[in-house]
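Structural characterization, general
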Amino acid sequence: MSEAGNRLRKQLESPVFDPQSYVKQLSQQSDGDRDLQEHRQKIQTLADETAQNLKKNVYKNYRQFIETAKEISYLESEMYQLSHILTEQKSIMESITQSLLSADKDETSKEMQAAFPKETEELKQRTLTSLLEKVEGAKNIMDTPGRHLVYNGDLVEYDVDNMSPIQKVHAFLMNDCLLIATWLPNRRGAVKYNYNALYDLESFAVVNVKDNPPMKDMFKILMFPDSRIFQAENSKVKKEWLEILDETKKNKASKDKKKKEEEAPTSPARADPSTNPFDVDDDEPADSEDSVDLGLEWIQELPEDLDVCIAQRDFEGAVDLLDKLSEYLREQPVTPRVKELRAKVEERVRQLTEVLVFELSPDRSLRGGPKATRRAVSQLIRLGQSTKACELFLKNRAVAVQTAIRQLRIEGATLLYIHKLCNIFFTSLLETAKEFEMDFAGNTGCYSAFVVWSKSAMTMFVDAFSKQVFDSKESLSTAAECVKVAKEHCQQLTEIGLDLTFTLQSLLVKDIRAALQSYKDIIIEATKHRNSEEMWRRMNLMTPEALAKLKDEMRSCGVSFQQYTGDDCWVNLSYTMVAFTKQMMSFLEEGLKLYFPELHMVLLESLREIILVAVQHVDYSLRCEQDAEKKSFIMQNASFLHDTVLPVVERRFEESAGKPAKQLQDLRKSTRPVRVNPDSTTSLV
């Protein structure tokens, strides 16, 4: 930049720069419009340079901007985690304070109960009874002795998925359960609510829902396999619900634990020795009771730990706990306490199994391929449910394959669609087979189920395949190419020891047979139509290029054609015979691409019927033609058909099929032409 430009830059960058004074001074010093234009150009150039430098600085520091943004994002995440930790610590401190206060309350309540035991119990029962009279369908709740009301209040239930309000409810918290009742729109007398659900305190967990305006003052109740969200009137009521629910659950758990500990030493004992020898057997469970130590902390907390693992979807942790308990009780005697523990654990096993079954259900997302099911399948197998795991895994994969086929768009040429269809289906089948082999490696009894499933999946594939290839009346050449593609993809399964080629062929036989017979009828009709217009004249191709092209076509079909070409562009055969030969050889080649052993006779009979139409036409023409020259030309065409075309068809069929073509051999022998007197009417022997 020039010295004048630098001076102008410094002037504009000065912190005491005054635009009005600058413009006034510039107007006084300029001689005219030209000076102002030049000065304007200098300022514009300076602005462009400044913008360019700013852009370069942005590009230069672009990576730093990105890294700074990432750091800000990480910092925001860490601050959120720190806030969450502080909130948890606060709740823990509040719970400790509350527990200390509740301990004082418990001592006071015990003193009150000691002074007025009957009145307190009767008052609680009376309060609960009076409230439950307002709930329709809740008469049997008071049948449980010792049940009394702890807390109750109005709540609003929200939908878990879209967080929209569902209904207004009234919740009754008792010392061993939670009753949910809905408001009646049309009240009848004293009845205000309708019974909705009753949950045992051990069957659910209470979780605080973080406020996210306008959704606030909410808490969630987790019950397998569902969950429900309720909104309290305000934050104070919500806090009371959470604290009282937690306190009631703890009281019930400690009461149950204390009850078990009291029942443990009170085993029946003999007051006097007896001479009955069977008394020893009656006392053995008491001795065994003492030998099984169920007072370990991890055993006492096992049901609750299993509930937590199921709620948190920690399936591996739940199964590990079950294996640990099974190993501990393997050689222990079966006592009443062990039976009681097993009953509780079996209920959790049932819940865990239902969760895993839901994980494998087709209603779940099918993304992720077969590997997405590995976690649930492996845990079901560890629980001894290998048969159910196999059934659900295969059902899940069947729906996934069906969905993938259904979502495939039908566009463009049929062959392109078949390529996509085969790629999707056989790739999915191969991945499923590999995943099945990995998951069920130690369960060889499940392999037969996979083979049956593979056949049913192949049936589904063939339905989609046939609908696009055969039902849409595609040409035989297109159908042959499509079947060839399907065969090649099916061969990929042999690398894992699964050969479904026979299944594919058996499912396609019906459609291929129909396609061959349909195309055979088309060729016969076309041949008959050309025969009806036959003039028995030599074929003139007009140009050497057309003759060369015809020779190449015949050569590709394996037909020796050189001896039938004359001078210039003439061919010593009729147009009908040449057209029949090309159509016949094309049908043979396409039919051999579709060949299965089950189609051997179908293809042979189709070839025989097509050839017989041409043979009968030549025979009829020889017998009816009176002109000696034309008769000689017809005989030349008959010789070409018998000595050149039929042997090529027979040899090509036997090479591809690997079996003799007896019907074609018999046809060729029965139609052997002979040289005849032009005046004779005998043409074939």
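Note on numbering: residues in each chain are counted from 1, in written sequence order. In keeping with the predicted nature of the model, local features appear solely for residues at pLDDT of at least 70, side-chain atom pairs appear and are counted solely at 80 or more, and the whole-chain, interface and lining totals rest on all residues. Excluded from the side-chain calculation are hydrogens and water; included are all heavy atoms of the structure.

1. Notes on the overall build of the protein
Formally: Elements are defined by DSSP. Helices are runs of H or I of four residues or more, strands are runs of E of two residues or more, and each kind is numbered from the N terminus. The cut-offs for exposure are 20% and 50% of the maximum accessible area for each residue type, with area from a 1.4 Å probe on protein chains only; residues under the lower value are buried, those over the upper are exposed, and the others partly exposed. Between two residues, a contact is recorded if the distance between any of their heavy atoms is within 4.5 Å. Throughout, the Shrake-Rupley method with a 1.4 Å probe supplies accessible areas, and for residues the shown protein chains are the sole cover considered.
Within the protein, the regular secondary structure consists of 22 helices and ten strands. Out of the 685 residues in the protein, the part that is buried amounts to 35%. Across the protein, the fraction of contacts at a sequence separation of at least 24, relative to all contacts at a separation of at least 6, is 65%. About 41,200 Å² of surface is accessible on the protein, with carbon and sulfur atoms providing 52% of the total.

2. Observations regarding the side chain of Lys252
Within the secondary structure layout, Lys252 lies in helix H6 (residues 235-263). Ignoring sequence-local partners within four residues, the contact set of Lys252 consists of Asn175, Asp176, Asp200, Leu201 and Glu202.

3. Regarding the nonpolar core
The nonpolar side chains of a soluble globular protein tend to be buried with one another. What counts is decided by this rule: Only buried residues count toward a nonpolar core, which is a set of Ala, Val, Leu, Ile, Met, Phe, Trp, Tyr and Cys residues joined through side-chain atoms within 4.5 Å.
Within the largest apolar cluster, 123 residues are counted, with the highest numbers of intra-cluster contacts made by Phe461, Phe465 and Phe653. No other element matches helix H21 (residues 628-657), which puts twelve residues into this core. Setting aside chain neighbours within four positions, we find Phe653 in contact with Leu588, Leu592, Tyr595, His600, Leu603, Leu604, Leu607, Gly658, Lys659 and Ala661. Core analysis: the second largest hydrophobic core is formed by 20 residues, Ala197, Phe219, Phe230 and Ile244 among them.

4. Things to note about the environment of Val462
Structurally, the position occupied by Val462 is in helix H15 (residues 447-469). For Val462, a relative accessible area of 4% corresponds to the buried category. In sequence terms Val462 and Leu507 are 45 residues apart; their C-alpha atoms lie 6.9 Å from each other.

5. Observations concerning the pattern of salt bridges
Quick note on the threshold: The term salt bridge refers to a side-chain nitrogen of Lys or Arg lying within 4 Å of a carboxyl oxygen of Asp or Glu.
Taken as a whole, this structure holds 22 salt bridges when the rule is applied. The closest approach of N and O atoms between Glu316 and Arg375, which form a salt bridge, is 2.9 Å. Placement of Glu316 in helix H10 (residues 315-329) and of Arg375 in helix H12 (residues 374-382) is noted, with a sequence separation of 59 residues between them. Salt-bridge contacts for Glu590 lead to Lys593; the nearest nitrogen and oxygen are separated by 3.9 Å. Here Lys593 and Glu590 lie together in helix H19 (residues 575-593), a separation of three residues that amounts to about one turn. On the basis of relative accessible area, Lys593 is assigned to the partly exposed category, the value being 31%. Here the salt bridges share partners, and the residues they tie into one network are Glu202, Lys252 and Asp256.

6. Brief notes about the environment of Trp298
By the element assignment, Trp298 lies in helix H8 (residues 297-300). Counting along the chain gives 27 residues from Trp298 to Leu325, while the straight-line C-alpha distance between them is 9.4 Å. What Trp298 contacts, discounting residues up to four positions off in sequence, is Lys324, Leu325 and Tyr328.

7. A word on a nonpolar patch on the surface
The line we're drawing: Within the patch definition used here, like charges are joined within 9 Å and nonpolar side chains (Val, Leu, Ile, Met, Phe, Trp, Tyr) within 5 Å, considering only residues with over 30% relative accessible area and no salt bridge.
Taken together, Leu54, Val58, Tyr59, Tyr62, Phe65 and Ile66 make up a surface patch of nonpolar side chains, about 650 Å² in accessible area. Looking at where Tyr62 falls in the secondary structure, it is placed in helix H4 (residues 62-115).

8. Let's talk about the packing of aromatic side chains
Heads up, the condition is: Whether two aromatic rings pair depends on their centres lying within 6.5 Å, for rings of Phe, Tyr and Trp, where Trp uses its six-membered ring; planes under 30 degrees apart make the pair stacked, over 60 edge-to-face, and the rest tilted. Distance and angle both matter: a charge sits over a ring if NZ of Lys or CZ of Arg is within 6 Å of the ring centre and within 35 degrees of the ring normal.
Applying the stated rule across the entire model yields 21 aromatic pairs. A ring pair is formed by Tyr151 and Trp241, whose centres lie 4.9 Å apart and whose planes are at 85 degrees; its orientation type is edge-to-face. Of this pair, Tyr151 sits in strand E2 (residues 149-158) while Trp241 sits in helix H6, and the two are 90 residues apart along the sequence. Owing to a relative accessible area of 18%, Tyr151 belongs among the buried residues under this scheme. Taken together, the ring pairs connect Phe393, Phe436, Phe440, Tyr447, Phe450 and Trp453 into an aromatic cluster. A cation over an aromatic ring shows up here: Lys168 above the ring of Trp183, its NZ or CZ 4.5 Å from the ring centre. The cationic tip of Lys324 hangs over the ring face of Trp298; the distance from NZ or CZ to the ring centre is 4.4 Å.

9. Here we look at the pairing of strand E3 (residues 165-174)
Formally: A pair of strands is labelled paired if DSSP reports no fewer than 2 bridges between them.
Examined bridge by bridge, E2 and E3 share nine bridges and lie antiparallel to one another. Paired with Asp154 across the bridge in E3 is His170. Between E2 and E3, which pair antiparallel in sequence order, lie six residues; one of them, Met163, sits at a positive phi of approximately 55 degrees.

10. Some remarks on the state of the cysteines
The line we're drawing: When two cysteine sulfur atoms lie within 2.5 Å, the pair is treated as a disulfide.
Tallied over the full model, the rule gives zero disulfides. Counting only cysteine sulfurs, Cys422 is the nearest neighbor of Cys482, a cysteine outside any disulfide, at a range of 8.1 Å.

11. As for unusual backbone geometry
One non-glycine residue, Asp217, lies in the positive phi region at around 60 degrees. In this structure, Asp217 sits in the loop between strand E6 (204-209) and strand E7 (218-223). For Asp217, a relative accessible area of 10% corresponds to the buried category. Look at Trp536: it is not a glycine, yet its phi comes out positive at around 50 degrees. Structurally, Trp536 is set in the loop between helix H17 (501-532) and strand E9 (539-540).

12. With respect to the side chain of His170
Condition: Pairs of N or O atoms are called polar contacts if they sit within 3.5 Å, as long as, within protein, a hydrogen donor faces a hydrogen acceptor (for residues adjacent in sequence, only side-chain-to-side-chain pairs).
Considering the arrangement of structural elements, one finds His170 in strand E3. Take His170: its relative accessible area is 7%, and that puts it in the buried class. At 2.4 Å, the side chain of His170 forms a polar contact with the side chain of Asp154. A distance of 3.4 Å separates polar atoms of two side chains, one belonging to His170 and the other to Tyr193. Apart from the residues within four sequence positions on either side, His170 is in contact with Asn152, Gly153, Asp154, Leu179, Ile180, Ala181, Trp183 and Tyr193.

13. Digging into the packing of H17 against H19
Worth spelling out the cut-off: Simply put, an axis is a line fit to the C-alpha atoms, just over the touching stretch for a helix, and the angle between two N-to-C directions goes from 0 to 180 degrees. In this scheme, roughly parallel covers angles under 35 degrees and roughly antiparallel covers those over 145, while 65 to 115 is roughly perpendicular and the rest are oblique. All residues other than Ala, Val, Leu, Ile, Met, Phe, Trp, Tyr, Cys, Pro, Asp, Glu, Lys and Arg, Gly among them, are scored as polar; the first ten of these are nonpolar and the last four charged.
Orientation of H17 relative to H19, taken along the N-to-C sense of each, is 175 degrees, at an axis distance of 10 Å. On the basis of their axis angle, the class for H17 and H19 is roughly antiparallel. In contact with Leu516, Tyr519, Lys520, Ile523, Ala526, Thr527, Arg530 and Asn531 of H17, H19 contributes Tyr575, Thr576, Ala579, Phe580, Gln583, Phe587 and Gly591. Its residues assigned to classes, the contact of H17 with H19 shows eight nonpolar, five polar and two charged.

14. So, the confidence of the model for the protein
What counts, and what does not: pLDDT measures the predictor's confidence residue by residue and takes values from 0 up to 100.
Per-residue confidence for the protein gives a mean pLDDT of 79; residues scoring 70 or more make up 86%. Predicted confidence is poor over residues 266-290, with pLDDT under 50, and the contacts of this stretch with residues over four places away or in other chains come to eleven contacts. Predicted confidence is poor over residues 674-685, with pLDDT under 50, and the contacts of this stretch with residues over four places away or in other chains come to 26 contacts.

15. Some points on H10
Put simply, the rule reads: A helix's residues, less one, multiplied by 1.5 Å, set its expected span.
For H10, with 15 residues, the first-to-last C-alpha span of 21 Å sits near the 21 Å given by 1.5 Å per residue. Here H10 has its buried residues at Phe315, Gly317, Ala318, Val319, Leu321, Leu322, Leu325 and Leu329.

16. Considering the packing of helix H9 (residues 302-311) against helix H11 (residues 336-359)
Where H9 contacts H11, the two axes come as close as 10 Å, and the packing angle between them is 5 degrees. By the angle class used here, H9 and H11 are roughly parallel. Along the contact surface, H9 presents Leu302, Pro303, Leu306, Asp307 and Ile310, while H11 presents Lys344, Val345, Arg348, Gln351, Leu352 and Val355. For the contact of H9 with H11, the residue count by class is seven nonpolar, one polar and three charged.

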